[in-house]
Each structure stands twice: as structure tokens, then as C-alpha cells.
Amino acid sequence: MIPTTGSYHLINVRLHASLSPGLAATFNRDGFALADITVDDGKISSIAAHAASRVPAGAIDLGGRIVLPCFVDCHTHIDKGHIWPRKPNPDGTFIGALNATGADRVARWSADDVARRMDFSLRSAYAHGTRALRTHIDSVAPQEEISWPVFETMREAWRGRIELQGACLLGIEGVRDKKWFDRLAKRVAAAKGVLGVVTYMVPDLEELLDHVFAQAIKHGLDLDFHADETDDVAAISLKKIAEAALWNGFEGKILVGHCCSLARQPDLEVLDTLDKVAKAGLAIVSLPMCNLYLQDRRSDSTTPRWRGVTLLHEMRARGIPVAVASDNTRDPFYAYGDLDMLEVYRMATRILHFDHPVADWPQAVTATPAKVMRLDGFGALAAGGAADFVLFKGRSWTELLSRPESDRIVVRAGRAIDRQLPDYAELDGLMVE
Ligand SMILES: [Zn+2]
């Protein structure tokens, strides 16, 4: 359906107000308007409100099908992905995930093992329509020396298809070994990565956070935290991160993931934290599928009673940038997933109520993570931008989010890509016990 050469016109496409800056059109209650797009040499040369009276010769009429910009997935773990068959989570708990993954990493994560699983993940993400992806990289010694060179090679190999970013990942207690941590920060800086840690309520949390911020400032790095992935109301490291950002006068970008415990805390505590998060300019990413899987997992075979996600609506109301992302895929932290951001958005709509009204929630998988990742022109459709978009069958939110849209068309630089997903059997050789 999409021509393979030259320029072409797609008419009667449905674009969303939140993702089409500059489109002057009449948007319906769901935020959609009918539009015409002209593609020239891999770029969008014009977008205008659909005009039935002036249809260019040879135009392709899409009958009101939805077109979204390619997705931006700002929180993943493609170094862990797809180890499930050889290392399942024994009980579905967070601690079960941590222990299983740690054991697998020590035993199996050679450069070849990490590279093959990463490439598999990237091929899936690309086929589903993702254009940029940030992965955390387990950087507990000696894994950082194995995984960061693999990441750098992978980023080069995928340039032009997926813009790949890496953030180191280790528990905050690892920062106590300052000499080692400073060396890691230097290594991350050399790879143009992002400095990341997992915060826990350790007694010296403030001092350790100060050191993380000092290293980020020294090397000019952005920050990425996993915080409060628990139902424990005493977990308030999100607030501690905001406070540390303020008193360190940090000017880079900070993304904080999870923040599950916030949803369990008393209102006054929540308001104080959100004030600080807004003031410090933090962005938040919720990982709804992984949270649903791990949070409120009960050892007594009773039914989970909460959804695990954080307070995205309250954050958005305060102007805090909020995103949703894939997180883990087929590893002990989440047994499922395929880096399909449409699935993430569909699940987020149901779990987090991204509807009635939909408003600008579609930015949570596109424009907002693009800003957090400093990717100009990603996550929106505009004249002069790359012709990187996904063309769906659905013509409304209810049509789009009710089916998997496995037959979506992904257009990159104006051309429809081959959307063949990698075969799981490719990984069989890595899964032998
Ligand atoms: Zn994560």
C-alpha cells in the first residue's frame, strides 16, 4: 500500500491533536481529526486538514485509519530480556526476580549471550514501530565490563533504525565503593550513557544520592532512577531524589521509574512529594505491566487488591512530565511482553485510565519520553520531520485498543519496513540449562 519510491500523498488519515503540533483542523471528542500527509524523500513535507475538494492525483485514501508517530520506549532492560525459559521467577515476587536474575547474570551473561538477546529484543521493538529505546544495563561488577562494550556495538549497528540509549543499573548500596562507582560513571560518560541507580531506604541514602549527583554533574550526565518499586509506605526515595536534585542544583534531566509506594501513602505525604518532584523538574515513568505482575503478589494464594502503578494523573495535573514504558520482557521481573508500545499503551489505558478523556495521554509513549531522552523531532508528526509513523487499522480509540493490530504498517523514512518478528527458536541455543 505504501509506495517504495518517490513522493506520495496519504489522504483521509486520522491524526491525534496531542501528537500533531501545528495541524489546524477540527478535532473530535477523542482528539482526532482527518488529515492529509505528503511524504517526500523520507520526510513529511506537509500535513493539512483533510480536504475532499482537493485530492492530489494518485493519492492513497486511508479511509480514516489512525496514524501515530513511531514510539519512544524510555525504560527497558534488553540485557535481561528473554532469559525466562532458562531462569523463571520461582514465585512471581520481586525478591524472586532479583535473585533469579542475579544468579543468571553471574552464570550466563557473556558478551555473546547479552548481544544475541539484545538484538532479538531490538528486532521486536523495531517491528512493532519503536524508533528510540532506553535500556538499563546491569552494571554490578564485573558485568559492566562485559555489557557496556556490547551496548556500544549494538547502538552503532542499530543507528538509523532504533536510537539506543543506555543507563547503568545497580543498587544504591553499590555507590558506597566510591572508587569503583566513580570509575563506572566515567565509563558511562565515555559511552555517552545515562547514570542510573536503584534507590532503597538505606540509612545513608542522602549521602549516597549526593555522591550520585556529584558524579553526574562532574561528567555532565543525565540521571535515571528506579525508585520505590514496593508497597511499603515507608519507601520515600522519590522524595529524597527530588530533594537531592534541588539542593545539588542539578540542571540535567532526571527520569524516575516505578514510584509504586507513592500510591499507598497518606495524602499529605503524597502532596509534599509531588510538590518537590514538580519543583525539581523530575520526569516520571510508570511501568504498568511489570507493576501489575510483581506488585501485591501474595504468598498465601490470595488475590491481588491493587494495580501497582503510581499516581500519574496527580503528577500530570501538576505539570510533571509522565511516560509509560515496557520495562522487562520475558525475564524474572515480567514473564511476558515483546517491547510492543501499542500493547503498553493499551494496558496503560486500562490499568491507569488513560481515557474519558484521552486528552494528551498518547504523548506518554511518544513526545514526552522523547523530551526526556533529548530526542528532537521524535514522538510527533510535523511538516519537515521524518516520515516515521505507524499506520493502524483502527479509526477510533475503541477500534485501535481492542485488537492487537498485528497487521499495522510501520513506515520509516517514508518506506514500509519488513515487520517479521524474530522466531523464539533462534534463542533455543542460549536456553540450555
Ligand atoms: Zn526497570
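Before reading on, note that the structure itself is shown above.
Residues numbered from 1 in each chain as written. Predicted model: local features only at pLDDT ≥ 70, side-chain atom pairs only at ≥ 80, totals over all residues. Heavy atoms only, no water.

S.K.: When you look at the packing of helix H6 (residues 237-247) against helix H7 (residues 267-280) in this model, what are you seeing that I'm missing?
M.R.: Axes are the key here: two packed helices are described by the angle between their axes and the distance separating the axes. At their nearest, the axes of H6 and H7 sit 9 Å apart, and the two run at 35 degrees to each other. Along this stretch, H6 crosses H7, giving a crossing that reads as left-handed. Every residue of H7 that contacts H6 at Leu 238, Lys 239, Ala 242, Glu 243, Ala 245 and Leu 246 is listed here: Glu 269, Asp 272, Thr 273, Lys 276, Val 277, Lys 279 and Ala 280. Taken together, the residues of the contact of H6 with H7 sort by class into six nonpolar, one polar and six charged. (Axes fitted to C-alpha atoms, helices over the stretch in contact; angles between N-to-C directions. Helix = DSSP H or I, 4+ residues; strand = E, 2+ residues; numbered from the N terminus. Left-handed = near helix turned anticlockwise from the far one by under 90°. Contact = heavy atoms within 4.5 Å. Nonpolar A, V, L, I, M, F, W, Y, C, P; charged D, E, K, R; others polar.)

S.K.: Help me understand the environment of Asp 418, please; the structure alone is not making it clear to me.
M.R.: Note on placement: Asp 418 falls in the segment after strand E16 (415-416). Taking the C-alpha atoms as reference points, Asp 418 and Tyr 126, 292 residues apart in sequence, are found 9.5 Å from one another. Among the polar contacts listed, one links the side chain of Asp 418 to the backbone nitrogen of Gln 420, at a separation of 3.0 Å. (Polar contact = N/O pair within 3.5 Å; in protein donor to acceptor, adjacent residues only side chain to side chain.)

S.K.: Just to check I follow, could you spell out unusual backbone geometry for this structure?
M.R.: Most peptide bonds are trans, and most residues other than glycine sit at a negative phi. Cis geometry is adopted by the peptide bond preceding Pro 142, which originates at Ala 141 and carries an omega value of 0 degrees. Following the sequence through the fold, Pro 142 ends up in the loop between strand E7 (130-138) and helix H3 (143-158). A cis amide bond, omega 5 degrees, links His 356 with the succeeding residue Pro 357. Turning to its location among the elements, Pro 357 is positioned in the loop between helix H10 (341-352) and helix H11 (367-372). The residue Asp 41 is not glycine, and still its phi comes out positive at about 50 degrees.

S.K.: Honestly, the nonpolar core in this entry has me stumped. Any pointers?
M.R.: When a protein is soluble and globular, its nonpolar side chains tend to lie buried together. Of all hydrophobic cores here, the largest spans 111 residues; its most connected members are Phe 225, Ile 254, Val 256, Leu 282 and Ile 284. With seven residues, H10 is the largest single contributor of residues to this core. Residues contacting Val 256, with those up to four places away along its chain left out, are Phe 225, Ala 227, Leu 238, Ile 241, Leu 282, Ala 283, Ile 284 and Val 285. Of all hydrophobic cores here, the second largest spans 19 residues; its members include Ile 2, Leu 10, Phe 389 and Leu 391. (Core = buried A, V, L, I, M, F, W, Y, C linked by side-chain atoms within 4.5 Å. Buried < 20%, exposed > 50% of the residue type's maximum accessible area, 1.4 Å probe, protein only.)

S.K.: Where do I start with the sheet that holds strand E11 (residues 254-258) in this structure?
M.R.: Adjacent strands of a sheet pair through backbone hydrogen bonds, lying either parallel or antiparallel. The strand order across the open sheet built from five strands is E9-E10-E11-E12-E13, with neighbouring strands paired in parallel fashion. Among the strands making up the open sheet, the edge pair consists of strand E9 (195-199) and strand E13 (322-324). Taken pair by pair, the neighbouring strands of this sheet meet at an average axis angle of 20 degrees, ignoring direction. The pairing of E9 with strand E10 (residues 223-227) spans five bridges and is parallel. When the sheet's bridge partners are listed, Val 197 is paired in E10 with Phe 225. (Pairing = 2+ DSSP bridges.)

S.K.: Help me understand H6 in this model?
M.R.: Owing to its 3.6 residues per turn, the α-helix aligns residues three or four sequence positions apart on the same side. Judged by how many residues are buried, H6 sits mostly within the fold: nine of 11 residues are covered. Taken residue by residue, H6 has Ser 237, Leu 238, Lys 239, Lys 240, Ile 241, Ala 242, Glu 243, Ala 244 and Ala 245 as its buried positions. Following H6 by one or two positions, Gly 249 has its phi on the positive side, about 55 degrees.

S.K.: Please clarify how the coordination of the zinc ion should be interpreted in this entry.
M.R.: When a metal carries six donors in an octahedron, the ideal angles between them are 90 or 180 degrees, while four donors in a tetrahedron ideally lie at 109.5 degrees. For the zinc ion, the full set of protein donor atoms is His 75 (NE2), His 77 (NE2), His 226 (NE2) and Asp 327 (OD), and the range of their distances to it is 2.0 to 2.4 Å. With four donor atoms in place around the zinc ion and angles of 85 to 175 degrees between them, the coordination shape is irregular. In primary sequence terms, the donor set of the zinc ion follows H-x1-H-x148-H-x100-D. Of this pair, His 75 sits in strand E6 (residues 71-76) while Asp 327 sits in the loop between E13 and H10, and the two are 252 residues apart along the sequence. Each member of the pair, His 75 as well as Asp 327, is classed as buried. (Donors = N, O, S within 2.8 Å, 3.2 Å for Na, K, Ca; no water. Tetrahedral: all angles 85-135°; square planar, octahedral: opposite > 155°, others 65-115°.)

S.K.: I'm lost on the sheet that holds strand E8 (residues 163-169) in this one. Help?
M.R.: Across the sheet, three strands lie side by side as E6-E7-E8; this open sheet has parallel pairing. The sheet is open, and its two borders are formed by E6 and E8, each paired with just one other strand. The average undirected angle you get between the axes of adjacent strands in this sheet is 15 degrees. By the bridge criterion, seven bridges tie E7 to E8 in an arrangement that is parallel. Counted as the bridge partner of Leu 133 is Leu 164 from E8.

S.K.: Can you help me understand the pattern of salt bridges in this one?
M.R.: If charged atoms from side chains of opposite charge come close, those side chains can pair. Under the definition given, this model contains 28 salt bridges. Here Arg 408 and Asp 340 are joined by a salt bridge, their closest N and O atoms 2.9 Å apart. Of the two residues, Arg 408 sits in the loop between helix H12 (397-400) and strand E15 (409-412) while Asp 340 sits in the loop between E13 and H10, which places them 68 residues apart along the sequence. Look at Arg 408 and you get buried, because its relative accessible area is 3%. What makes Asp 340 buried here is its relative accessible area of 9%. In this structure, Glu 399 and Arg 395 form a salt bridge, with 2.7 Å as the shortest nitrogen-oxygen distance. For Arg 395, a relative accessible area of 41% gives the class partly exposed. (Salt bridge = Lys/Arg side-chain N within 4 Å of Asp/Glu carboxyl O.)

S.K.: Which parts of the structure should I look at to understand the packing of aromatic side chains?
M.R.: Each pair of aromatic rings is reported with the distance of its centres and the angle of its planes. In this structure the tally under the stated criterion is 13 aromatic pairs. An angle of 10 degrees between the planes, with centres 4.1 Å apart, marks the rings of Phe 354 and Trp 361 as stacked. Linked through ring pairs, Phe 32, Tyr 345, Phe 354, Trp 361 and Trp 397 together constitute an aromatic cluster. We note Arg 316 situated over the ring of Trp 361; from NZ or CZ to the ring centre the distance is 4.4 Å. Geometry around Tyr 424 places Arg 330 over its ring, the cationic atom sitting 4.4 Å from the centre. (Phe/Tyr/Trp six-rings, centres within 6.5 Å; stacked < 30°, edge-to-face > 60°. Lys NZ or Arg CZ within 6 Å of the ring centre and 35° of its normal.)

S.K.: Got a minute to help me understand the pairing of E9 in this structure?
M.R.: As a general feature of sheets, a regular strand has side chains that alternate between the two faces. The buried fraction of E9 is high, at five of five residues. Side chains of E9 alternate between two faces, with Leu 195, Val 197 and Thr 199 and Gly 196 and Val 198 buried alike. In terms of handedness, the path from E9 via helix H5 (residues 205-219) over to E10 forms a crossover that is right-handed. (Right-handed = clockwise from strand over helix to strand, strands pointing away.)

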